[in-house]
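Each chain, written out:
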Amino acid sequence: MNSKKYNNIKLTISIAETVLLFTLTFLFLYLGYSRRLSEILYSFTESDYVVLILFSVITASVISIVFFPLNFYSSFILEHKYKLSNQTLLKYFTEGFKSAIVSGVIGIPILILFYFILKEFGDAWWLIFATAMFFISVILSQLFPIVIFPIFYKVKPIEDEQLKERIKTLAKDAGLKVQDVYSFDMSKNTKKANAAFTGLGKTKRIILGDTLLSSYSKDEIETVIAHELGHYKKKHIVKNILYGTINSFVLFFAISLLYRYSLPWFGFSSITEISALPLLTLWAMLIGLIQTPIGNMLSRKFEYEADRYAIETTKKPTSFIQTLNKLTEQNLGDKEPHPFVEWFFYSHPSIRKRIAAIEDFIQKNGIVEVPHLQEQIS
């Protein structure tokens, strides 16, 4: 029941934050505070871009202050209450500061690019910006494992040669050339465990949390990696890029129409008015209500396919089911969320449905279990 309560609290806070952000943004526009802030900033400078940066930094800072109690409770107090966090208070603020700096370094140039496109291309801004964001996302995906991720975690090759070779063999079978397999110090922040496949092109990496390495057998880790490689083998990464690109173009096109149409509602006349830009956030949030369940449905489909690939390649369904259960318990996942909650919010199927699907797949395909190596990584 702890997991159910934990997830319900996290979900309630997430919904409350979304509703509060929408409400505050609406009032910021409706009550004229947005216009007033831009007027004050223009009294100090005539540069649109300086005003844009200052406007964004000030509003982001105010939002951070307003939301700090909820964020702090959700990400620090609640995690400690349920014995999931290893973070000290100092580490919490240090990580938050690093995250803010990285977000600023990446976000401010994108913001400037967006406003430049808005001024230069007018109502066609959505097409140019969506195209630009496609290339930016590809570049960031390549940089993430070698530049961004190491800012937050210490990454090093795993030391267990036997496990490394087993993972490399799995990768080779999936058609992926892996130079090395890496671990990261996930335990510095949390007791949760995870593994991932990150990067694009030459920066592709398989990374395992040290919490996974210390608590799971080689067979269990092998099934987790096989699942991640299933996403590669089944071309889910390419499909996600394609879906994300189409989704991005549709999103920006819809926002551009709604943004232009709704400007007079708040007394604005031009799409380039900096004080009108928060209106983009309102429409993005509303459209997101439609896009979220659609994207999650696709993601859950991919998870089932990756599960089947893990079973086919390792022939270790018992280890995989055991791993899924252990990960769910260790991460305090909700094994049986409400059907609507799972449909709308979950990018992964519930553990109950995943295991049922695995058992059905085993039975229909007559998969025979291979011998297990149950030793744990030390």
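Above this text you will find the structure in question.
Residues numbered from 1 in each chain as written. Predicted model: local features only at pLDDT ≥ 70, side-chain atom pairs only at ≥ 80, totals over all residues. Heavy atoms only, no water.

(A) Fine view of the packing of aromatic side chains. Scanning the entire structure with this criterion turns up 29 aromatic pairs. Centroid distance Phe-68 to Phe-72: 5.4 Å. Interplanar angle 20°. Geometry classified as stacked. Taken together, the positions of Phe-68 and Phe-72, both in helix α3 (residues 48-81) and four residues apart, correspond to about one turn of that helix. Three or more aromatic residues joined by ring pairs form one cluster here, namely Phe-68, Phe-72, Phe-76, Tyr-92 and Phe-93. (Phe/Tyr/Trp six-rings, centres within 6.5 Å; stacked < 30°, edge-to-face > 60°. Helix = DSSP H or I, 4+ residues; strand = E, 2+ residues; numbered from the N terminus.)

(B) Geometry of the pairing of strand β2 (residues 181-184). Burial of β2 is two-sided: the residues Val-181 and Ser-183 facing one way and the residues Tyr-182 and Phe-184 facing the other way are all buried. Taken together, the three bridges between strand β1 (residues 155-157) and β2 define a ladder with antiparallel strand orientation. The residue bridging Pro-157 from the neighbouring strand is Tyr-182, located in β2. Looking at chain direction, β2 and strand β4 (residues 205-209) are connected through four bridges and run parallel. Considered in β4, the bridge of Tyr-182 is made with Ile-207. (Buried < 20%, exposed > 50% of the residue type's maximum accessible area, 1.4 Å probe, protein only. Pairing = 2+ DSSP bridges.)

(C) Region of the structure containing the packing of helix α1 (residues 2-30) against helix α10 (residues 278-314). Close contact between α1 and α10 brings their axes to 9 Å; oriented N to C, the two are set at 145°. Note that α1 runs across α10; the crossing there is left-handed. Here Thr-18, Leu-21, Phe-22, Thr-25, Phe-26, Phe-28 and Leu-29 of α1 lie close against α10, whose contacting residues are Pro-278, Leu-279, Leu-282, Met-285 and Leu-286. Partitioning the contact of α1 with α10 into residue classes produces 10 nonpolar, two polar and no charged. (Axes fitted to C-alpha atoms, helices over the stretch in contact; angles between N-to-C directions. Left-handed = near helix turned anticlockwise from the far one by under 90°. Contact = heavy atoms within 4.5 Å. Nonpolar A, V, L, I, M, F, W, Y, C, P; charged D, E, K, R; others polar.)

(D) Fine view of the pattern of salt bridges. All told, the structure shown has 22 salt bridges when counted by the stated rule. Residues Glu-95 and Lys-98 are paired through a salt bridge, measuring 3.2 Å at the closest nitrogen-oxygen approach. Remark: Lys-98 and Glu-95 occur in helix α4 (residues 89-121); sequence separation between them is three residues, near one turn of the helix. The class of Glu-95 is buried, set by a relative accessible area of 9%. Between Arg-166 and Glu-222 there is a salt bridge, and its shortest N-O distance comes to 2.4 Å. In this pair, Arg-166 sits in helix α6 (residues 161-173) while Glu-222 sits in helix α8 (residues 218-233), placing the two residues 56 residues apart along the sequence. Each of the two residues, Arg-166 as well as Glu-222, counts as buried. One salt-bridge network, held together by shared partners, links Arg-166, Asp-219, Glu-222 and Lys-316. (Salt bridge = Lys/Arg side-chain N within 4 Å of Asp/Glu carboxyl O.)

(E) Inspection of the environment of Thr-198 at higher detail. Along the polypeptide, Thr-198 turns up in strand β3 (residues 195-198). The residues contacting Thr-198, other than those within four sequence positions of it, are Phe-144, Pro-145, Thr-203, Lys-204, Arg-205 and Ile-207.

(F) Representation of the side chain of His-236 within the structure. Assignment of secondary structure puts His-236 in helix α9 (residues 236-262). Of the residues examined, His-236 reaches a relative accessible area of 1% and is grouped as buried. Excluding anything up to four places from it in sequence, His-236 contacts Gly-230, His-231, Phe-302, Glu-305 and Ala-306.

(G) Representation of the sheet that holds β2 within the structure. Across the sheet, four strands lie side by side as β1-β2-β4-β3; this open sheet has mixed pairing. If you trace the sheet from one side to the other, it starts and ends with β1 and β3, each paired once. The sheet shows a mean angle of 30° between the axes of neighbouring strands, taken without regard to direction. Where helix α5 (residues 125-152) meets the sheet, it contacts β1, β2, β3 and β4, and its direction lies at approximately 35° from that of β4.

(H) Fine view of the packing of α10 against helix α13 (residues 351-365). Orientation of α10 relative to α13, taken along the N-to-C sense of each, is 45°, at an axis distance of 10 Å. Compared by their axis directions, α10 and α13 come out oblique. When the axes of α10 and α13 are compared, the crossing they make is right-handed. For the pair formed by α10 and α13, the contact residues are Glu-303, Tyr-304, Asp-307, Arg-308, Ile-311 and Glu-312 on the first element and Lys-353, Arg-354, Ala-357, Ile-358, Phe-361 and Ile-362 on the second. Of the residues belonging to the contact of α10 with α13, the class tally is six nonpolar, no polar and six charged. (Parallel < 35°, antiparallel > 145°, perpendicular 65-115°, else oblique.)

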